[in-house]
Amino acid sequence: MTYVTRFAPSPTGPLHLGHAFSALTAYARAQEHHGQFLLRIEDGDISRCRPEWEALIYADLRWLGITWPDPVLHVTVREDIYASALELLEELDLIYPCSCTRRDVMNALSAPQEGAPLGPDGVIYPGTCRHREMNGFQPGEAIRLNMEKAVEFLGDVSRFSWRETGPYETGTHRLDAGQLIHGVGDIVLARKDIGTAAYHLSVVIDDAAQGVTEAVRGADLMEATQIHRLLQALLDLPEIAYHHHRLIRDDDGKRLAKRADAKAISKFREEGLSPEGVKALIGL
Ligand code: GLU
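A quick note: this is a predicted structure, and the numbers were derived from the prediction, not measured. (Residues numbered from 1 in each chain as written. Predicted model: local features only at pLDDT ≥ 70, side-chain atom pairs only at ≥ 80, totals over all residues. Heavy atoms only, no water.)

1. Structural notes on the sheet that holds strand E3 (residues 73-74)
With parallel pairing, 3 strands are arranged side by side in an open sheet as E1-E2-E3. Either end of the sheet is taken by a strand with one partner, and the two such strands are strand E1 (4-7) and E3. In this structure, strand E2 (residues 36-41) lies alongside E3, joined through 2 bridges in parallel fashion. If you follow Arg 40 over to E3, its bridge partner there is Leu 73. Contacts from helix H1 (residues 17-32) reach E1 and E2, with the element oriented near 165 degrees to E1. (Pairing = 2+ DSSP bridges. Helix = DSSP H or I, 4+ residues; strand = E, 2+ residues; numbered from the N terminus. Contact = heavy atoms within 4.5 Å. Axes fitted to C-alpha atoms, helices over the stretch in contact; angles between N-to-C directions.)

2. Describing the side chain of Thr 5
Tracing the sequence through the fold places Thr 5 in strand E1. Side-chain polar atoms of Thr 5 contact the backbone oxygen of Glu 214, separated by 2.7 Å. (Polar contact = N/O pair within 3.5 Å; in protein donor to acceptor, adjacent residues only side chain to side chain.)

3. What about the packing of aromatic side chains?
Scanning all chains against the criterion turns up 2 aromatic pairs. Their ring planes at 85 degrees and their centres at 5.3 Å tell us that Tyr 27 and Phe 37 sit as a pair that is edge-to-face. A residue pair is termed long-range when its members are at least 10 positions apart, and Tyr 27 in helix H1 and Phe 37 in strand E2 qualify at 10 residues. The pair formed by Tyr 27 and Phe 37 is uniform in burial state, with each residue classed as buried. (Phe/Tyr/Trp six-rings, centres within 6.5 Å; stacked < 30°, edge-to-face > 60°. Buried < 20%, exposed > 50% of the residue type's maximum accessible area, 1.4 Å probe, protein only.)

4. Topic: the nonpolar core
Of all hydrophobic cores here, the largest spans 40 residues; its most connected members are Leu 145, Leu 189, Leu 201 and Leu 234. Counting only elements with at least two residues in this core, the list comes to helix H3 (79-91), strand E7 (142-145), helix H5 (147-154), helix H6 (177-184), strand E10 (188-191), helix H7 (199-209) and helix H8 (225-234). Tallying contributions element by element places H8 first for this core, with 5 residues. Filtering out sequence-adjacent residues up to four positions away, Leu 201 remains in contact with Tyr 82, Ala 85, Leu 86, Leu 189, Leu 231 and Leu 235. Core analysis: the next-biggest nonpolar cluster, separate from the first, contains 27 residues, Tyr 3, Phe 7, Phe 21 and Ala 26 among them. (Core = buried A, V, L, I, M, F, W, Y, C linked by side-chain atoms within 4.5 Å.)

5. Considerations on the environment of Gly 13
Structurally, Gly 13 can be placed in the loop between E1 and H1. In sequence terms Gly 13 and Leu 56 are 43 residues apart; their C-alpha atoms lie 8.9 Å from each other.

6. Focus: H6
Every buried residue of H6 is listed here: Leu 180, Gly 183 and Val 184. Around the axis of H6, the buried residues are gathered within 110 degrees of arc, so they sit on the same side. Contacts from the buried residues of H6 go to strand E5 (118-119), H5 and H8. Capping the start of H6, Asp 176 holds a side-chain oxygen 3.1 Å from the backbone nitrogen of Gly 178, two or three residues further along. Directly after H6, the chain includes Gly 185, whose backbone phi takes a positive value near 80 degrees. (Arc of directions from axis to C-beta.)

Structure, rendered in structure tokens:
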């Protein structure tokens, strides 16, 4: 099978050194495997995405020496496809609407002051709206996956595995029912604020649509991979491999993506640094 990977940035700001590392790692892996490197613009959050950031993504990647085939896939044009996936999950009775705010979630936790249990998406949802039935897609409501029902539907979830090829936890991983139910919980599949598919849903559908065989991305998404494998199993999408690379940190050890002032690739370019100079900064 031909190796296919992708870089999937969101155009919510300029690409920084962490993005450069991710894109260059994916590009290098595609070349090593004589495969393909694809680009996908994850512009689902229309309130935060801007065309000028998208234009800068293309300029930065080209400057780094990265090329990709057209057309570039955009998340925004794929709403109907995500909606069909949600309809399928609705038919299986695995999803429910949720109107909880962040505050509702914190209030519903038995002892939030003692530290709420955390999963890959932050606080694990306490299940307040779990009894509710779907009634089409209502504006202002999120849609959550009923994790217990999803696990029950699949039967022995340990049948579903994926290969990690990155520097951490390399090897075969399997889904684990207890971990999914208690360590992940009822994740959001459609967001009420933007009224569209949440990242976990769009990413698995789009990786399958682009024929991706290995997703290359930062180690911060390692924990989310079990969610992606579960959704692939529920939606009957192909299993892919994952390569979670190291994160680029600043001198204080802080993750660059978390810093508002993370230095943009375009800034280095304006300051006269060469692409090779940027690569050297991130250890490439
Ligand atoms: N848009 C996501 C990000 O920038 C992509 C994550 C992924 O590669 O799966 O974090």
